[in-house]
Amino acid sequence: MTESFPRLHARTRRFTLGVPRNFTISPDGGRVTFLRTRSGTDPVTCLWELDVASGAERLVVDPLALGAADEDLPPEERARRERSRESAGGVVAYATDREVRQAVFALSGDLYLADLASGDVRRLPAAGPVIDPRLDPTGTRVAYVTGGALHVLEIATGADTALAEPEGDTVTYGLAEFIAAEEMERMRGYWWSPSGDRLLVSRVDESPVPLWHIADPANPDRQPVPQRYPAAGTANAEVTLHVIGLDGARTAVPFEQEYLVTAAWDAHGLAIVTLSRDQRTMRLLAADPDTGETTLLREDTDPAWVDIVTGVPARLSDGTLVWVADAGGGHRLVVGDEPVTPPSLQVRAVLDVDGDTVLFQASGEPTEIHLWTYSAGTISAVTTEPGVHSGRRAGGVTLVARQSLDTEGTTVSVGAVSIKSLAERPGLEPRVSLVRAGSRELSTAVLLPSWHVPGSGPLPVLMDPYGGPHAQRVLSARRMFLESQWWAEQGFAVIVADGRGTPGRGPAFEREMLHDFTISLQDQVDALQGVAALHPGDLDLSRVAIRGWSFGGYLAALAVLRRPDVFHAAVAGAPVTDWRLYDTCYTERYLGHPDEGHYERSSLLGDAEKLERPLLLIHGLADDNVVAAHTLRLSSALLAAGRPHTVLPLSGVTHMTPQEVVAENLLLLQLDFLKKSLNITG
């Protein structure tokens, strides 16, 4: 390698640059539109098209050719990218018409239209900086949001109409609110009708949401940035729905529950999905776009919470409902009223419905994610090789994206044709052993140094978890373990364990997290002891460190506070320390409302006086998701208790750390801290 792994890891945005993504297949199955940067170190994303018959790729949009080298993003777009964890630039999102003949996208707030057949790209006039442009299905109009207002532009004439304008500074039309984007995977706030004659539009009023301020202490001359943040137990934004015609005529679509999960408008009608504040009841409603009247199609309930699943509701060609629900102990695909998958196959998402064929993701073994189809009463496996798979389907053509432990990077295939990945090679090969560890047989990855001979002597241990609900680290994919292997090469036995609450093992396993986040610590201890039993003589249990970010940061700090007998040092990045400071939807799903009394057990602040091990707290001061107050309050409590600790504030850094130098040096500083803390020399 010509540069160190930490530098390359940072430059490549964790080796995601150059990987093809965001695929759209034309209705006839003949073309695939996708996004990809031009190399593994180029952060500027381009729009491409693949001809399936010939396998030829064609560059459609290069932002540099359009003079958009230096991005100047409106604040709303920066917020959208933070919510979606988008670390690249350029064309990071696009939308096509029904026939996939045209695509629209925004660059530096400007609106562009690409003719996918001719390759012609032109800038369209817009009323202001453009957010989330979308073509209507017929391809004659573009809707977009600017200044909180929803506009529609006639492509042929350039006529621009503001269909809905905000009534105040706290109101927006057509944008997803913070909770929808951060916790419900809904990044949009409007939906075109199939005929393109009207839209379903969300109106968001944030005035009930508490006003917080994100300060920049490194630049005291700058005003703090105000932000409406719905902390647990406080008010959410008020979200209402309206069908708005091209003439501005408006019909309200009322719903009773707190959260708008998603909406779908196809040839079979308009449907919305809503969720109660306690997240124990989800409703699927059909809506009459002429009157706004809604009809209950189904209601799902659960004593803990109802899961949000992407890709539903959907419909077969005859209008039969496609849904995912918990039944018989599993997450199951439901067609009509009947579950069609066994409880042992955990359905994760519906990816596409192509006529009467449903393409979906599911796991039998939790470390693997496979593609399956349902058609004519039969489910069939699309992928069988070990790995993590995603895909798309249209026109009878299925695209498969695969990661695995036996191949480097991501491979993308459409039949016999491949879409090239231009990602950089990491220069190290993860030596991953996937095991079931401990009394709970937790999915666990063990990584040892390439130079280590088993039985040659014990290694200091690094636990490297996320460990929280709704996210999974232990998967059969190399990219999941590149950073962990680098840590192993520094002389650690690295353990990555998915405890209770993580997906892939069914509803009961996930719901054990209810009302108590601290069980994640019990599981890390269980996994550590299980791996030590599997590798006698290879782990030095007198030198065990733990590191993590976000929930993983919380878990790392929790470990040294409550189990200093097991953990001897911790690095906690962007940790949640007081769950009352985290958002409504995520926190209340697992801990309930603060008034129910489940928060103290999971808080770190009351444990400050227990600290007796080295603890490094890292936090981005511009973080608007897990705000820096979490780390500052814990630090204050530790100081009041007279407990030494280290705080590393990151000026201008958000919950992500995309800045190249920051990301590189963060790894090196953590390594130095852990070596000193564990008395590792050499």
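Residues numbered from 1 in each chain as written. Predicted model: local features only at pLDDT ≥ 70, side-chain atom pairs only at ≥ 80, totals over all residues. Heavy atoms only, no water.

S.K.: Please provide a residue-by-residue account of the overall build of the protein, values included.
M.R.: Secondary structure assignment for the protein yields 10 helices and 44 strands. Against the 2.2 N^0.38 benchmark of 26 Å for 682 residues, the protein shows a C-alpha radius of gyration of 25 Å, consistent with a compact globule. If one aligns the C-alpha atoms of the protein with their principal axes, the spans along those axes are about 70 × 55 × 55 Å. Counting only residues that meet the buried cut, the protein has 58% of its 682 residues in that class. Contacts in the protein between residues at least 24 apart in sequence constitute 59% of all its contacts with a sequence separation of at least 6. With an accessible surface of roughly 25800 Å², the protein has 49% of that area assigned to carbon and sulfur atoms. Looking at charge distribution, the protein has the averaged site of its 61 positive side-chain charges lying 4 Å from that of its 89 negative ones. (Helix = DSSP H or I, 4+ residues; strand = E, 2+ residues; numbered from the N terminus. Rg over C-alpha atoms; globule rule 2.2 N^0.38 Å. Buried < 20%, exposed > 50% of the residue type's maximum accessible area, 1.4 Å probe, protein only. Contact = heavy atoms within 4.5 Å. Areas by Shrake-Rupley, 256 points an atom, 1.4 Å probe, with all protein chains shown as cover. Lys, Arg positive; Asp, Glu negative; His and termini not counted. Charge placed at Lys NZ, Arg CZ, Asp CG, Glu CD.)

S.K.: Give me the lowdown on the pattern of salt bridges, citing residues and values where you can.
M.R.: If charged atoms from side chains of opposite charge come close, those side chains can pair. Evaluation of the coordinates by the stated rule reveals 48 salt bridges. A salt bridge links Glu182 to Arg85, with the nearest nitrogen and oxygen atoms 2.6 Å apart. On the criterion of sequence distance, the pair formed by Glu182 in helix H3 (residues 178-183) and Arg85 in the loop between helix H2 (75-83) and strand E5 (89-90) is long-range, its members being 97 residues apart. Under the relative-accessibility criterion, Arg85 is labelled partly exposed at 35%. Connected via shared salt-bridge partners are Glu77, Arg80, Arg81, Asp132 and Arg134. (Salt bridge = Lys/Arg side-chain N within 4 Å of Asp/Glu carboxyl O.)

S.K.: Provide a residue-level description of the packing of aromatic side chains, including the pertinent values.
M.R.: Scanning the entire structure with this criterion turns up 23 aromatic pairs. Considering the side-chain rings of Phe551 and Trp579, the 6.0 Å spacing of their centres and the 45 degrees angle between planes classify their relative orientation as tilted. Note that Phe551 is positioned in helix H7 (residues 551-562) and Trp579 in the loop between strand E42 (569-573) and helix H8 (584-591), a separation of 28 residues in sequence. Overall, the relative accessible area of 2% leaves Phe551 in the buried class. Between the aromatic rings of Tyr582 and Tyr586, the centroid separation amounts to 5.5 Å while the plane-to-plane angle is 85 degrees, which identifies the pairing as edge-to-face. With respect to burial, Tyr582 and Tyr586 carry one shared label: buried. Connected via pairs of aromatic rings, a cluster forms that spans Trp305, Tyr466, Phe517, Phe551, Tyr554, Trp579, Tyr582, Tyr586 and Tyr590. A cation over an aromatic ring shows up here: Arg36 above the ring of Trp48, its NZ or CZ 4.2 Å from the ring centre. (Phe/Tyr/Trp six-rings, centres within 6.5 Å; stacked < 30°, edge-to-face > 60°. Lys NZ or Arg CZ within 6 Å of the ring centre and 35° of its normal.)

S.K.: Run through the environment of Thr240, naming residues and quoting values.
M.R.: As for its position among the elements, Thr240 is in strand E19 (residues 238-245). The spacing of Thr240 and Tyr259 is 19 residues in sequence and 9.8 Å in space, taken between C-alpha atoms. Once residues within four sequence positions are removed from consideration, Thr240 is found in contact with Val201, Ser202, Arg203 and Phe255. A polar atom in the side chain of Thr240 sits 3.0 Å from the side chain of His242. (Polar contact = N/O pair within 3.5 Å; in protein donor to acceptor, adjacent residues only side chain to side chain.)

S.K.: Which residues make up helix H10 (residues 660-677), and what values do they have?
M.R.: The terminal C-alpha atoms of H10, which comprises 18 residues, lie 26 Å apart, in line with the 26 Å expected from a rise of 1.5 Å per residue. Of the positions making up H10, those classed as buried are Ala663, Glu664, Leu666, Leu667, Gln670, Leu671, Phe673, Leu674 and Lys675. Of the residues flanking the end of H10, it is Asn679, one or two places downstream, whose phi is positive at about 60 degrees. (Expected span 1.5 Å × (residues − 1).)

S.K.: How would you explain the packing of helix H6 (residues 519-534) against H7 if you had to name every residue and give the values?
M.R.: As a packed pair, H6 and H7 sit with axes 10 Å apart at the nearest point and diverge in direction by 75 degrees. Taken together, the axis directions place H6 and H7 in an arrangement best described as roughly perpendicular. Seen from H6, the contacting residues are Ser520, Leu521 and Gln524; seen from H7, they are Phe551, Leu555, Leu558, Ala559 and Arg562. The residue makeup of the contact of H6 with H7, split by class, is five nonpolar, two polar and one charged. (Axes fitted to C-alpha atoms, helices over the stretch in contact; angles between N-to-C directions. Parallel < 35°, antiparallel > 145°, perpendicular 65-115°, else oblique. Nonpolar A, V, L, I, M, F, W, Y, C, P; charged D, E, K, R; others polar.)

S.K.: Account for the sheet that holds strand E13 (residues 160-164), with residues named and values stated.
M.R.: The four strands are arranged E10-E11-E12-E13 in an open sheet whose pairing can be described as antiparallel. Two strands lie at the open edges of the sheet, namely strand E10 (131-135) and E13, each paired on one side alone. Adjacent strand axes in the sheet meet at a mean angle of 25 degrees, parallel and antiparallel pairs treated alike. As paired strands, E10 and strand E11 (residues 141-146) are joined by three bridges and run antiparallel to one another. Looking across to E11, one finds that Arg134 is bridged to Ala143. (Pairing = 2+ DSSP bridges.)

S.K.: Help me get a handle on the packing of helix H4 (residues 482-489) against H10, residues and values and all.
M.R.: Running from amino to carboxyl end, H4 crosses H10 at an angle of 40 degrees, the nearest separation of the two axes being 12 Å. Looking at the two axes, H4 sits oblique to H10. Along this stretch, H4 crosses H10, giving a crossing that reads as right-handed. Contacts from Glu483, Trp486 and Trp487 in H4 reach Leu667, Leu668, Gln670, Leu671 and Leu674 in H10. Partitioned by chemical class, the residues of the contact of H4 with H10 number six nonpolar, one polar and one charged. (Left-handed = near helix turned anticlockwise from the far one by under 90°.)

S.K.: Summarise the pairing of strand E20 (residues 250-253); cite the residues concerned and give the values.
M.R.: Regular strands place their side chains on alternate faces of the sheet. The sheet contact formed by E19 and E20 spans four bridges and is antiparallel. What sits directly across from His242, in E20, is Ala252. Between the antiparallel neighbours E19 and E20 lie four residues, among them Gly248 with a positive phi of about 90 degrees.

S.K.: Requested: an account of the sheet that holds strand E8 (residues 110-115), with residues and values cited.
M.R.: One key point about sheets: their strands pair by backbone hydrogen bonds, in either a parallel or an antiparallel sense. If you walk across this open sheet you meet the four strands as E6-E7-E8-E9, and the pairing is antiparallel. Both edges of this open sheet fall to strand E6 (95-96) and strand E9 (121-124), since each of them pairs with a single strand only. Pairing of strand E7 (residues 102-107) with E8, which is carried by six bridges, proceeds in the antiparallel orientation. Within E8, the residue paired with Val104 across the bridge is Leu113.

S.K.: Explain H7 residue by residue, including any values.
M.R.: Between its first and last C-alpha, H7 extends 16 Å over 12 residues, near the 16 Å set by a 1.5 Å rise per residue. For H7, every residue scored as buried is listed here: Phe551, Gly552, Gly553, Tyr554, Leu555, Ala556, Ala557, Leu558, Ala559, Val560 and Leu561. In the core, the buried residues of H7 are packed alongside H6, strand E41 (539-549), E42, H8 and strand E43 (615-620).

S.K.: Lay out unusual backbone geometry in plain terms, naming residues and giving numbers.
M.R.: Most of the time, phi is negative for any residue but glycine, and the peptide bond is trans. Following Val312, the chain continues to Pro313 via a peptide bond in cis, the omega torsion being 10 degrees. Of note, Pro313 is situated in the loop between strand E24 (294-301) and strand E25 (314-315). Positive phi is not limited to glycine here, since Asn22 has a value of about 50 degrees. Tracing the chain through its elements places Asn22 in strand E1 (residues 21-25). Located in the positive-phi region is Ala574, a residue other than glycine, with phi close to 45 degrees. Its place among the elements puts Ala574 in the loop between E42 and H8. Classification of Ala574 by relative accessible area gives buried; the value is 0%.

S.K.: A description of the side chain of Asp526 should follow, citing residues and the corresponding values.
M.R.: You can see Asp526 is positioned in helix H6. Separated by 3.0 Å, the side chain of Asp526 and the backbone nitrogen of Ser439 make a polar contact. In this structure the side chain of Asp526 is engaged in a polar contact, spanning 3.2 Å, whose partner is the backbone nitrogen of Arg440. The residues touching Asp526, leaving out its near neighbours within four places in the chain, are Ala437, Gly438, Ser439, Arg440 and Leu442.

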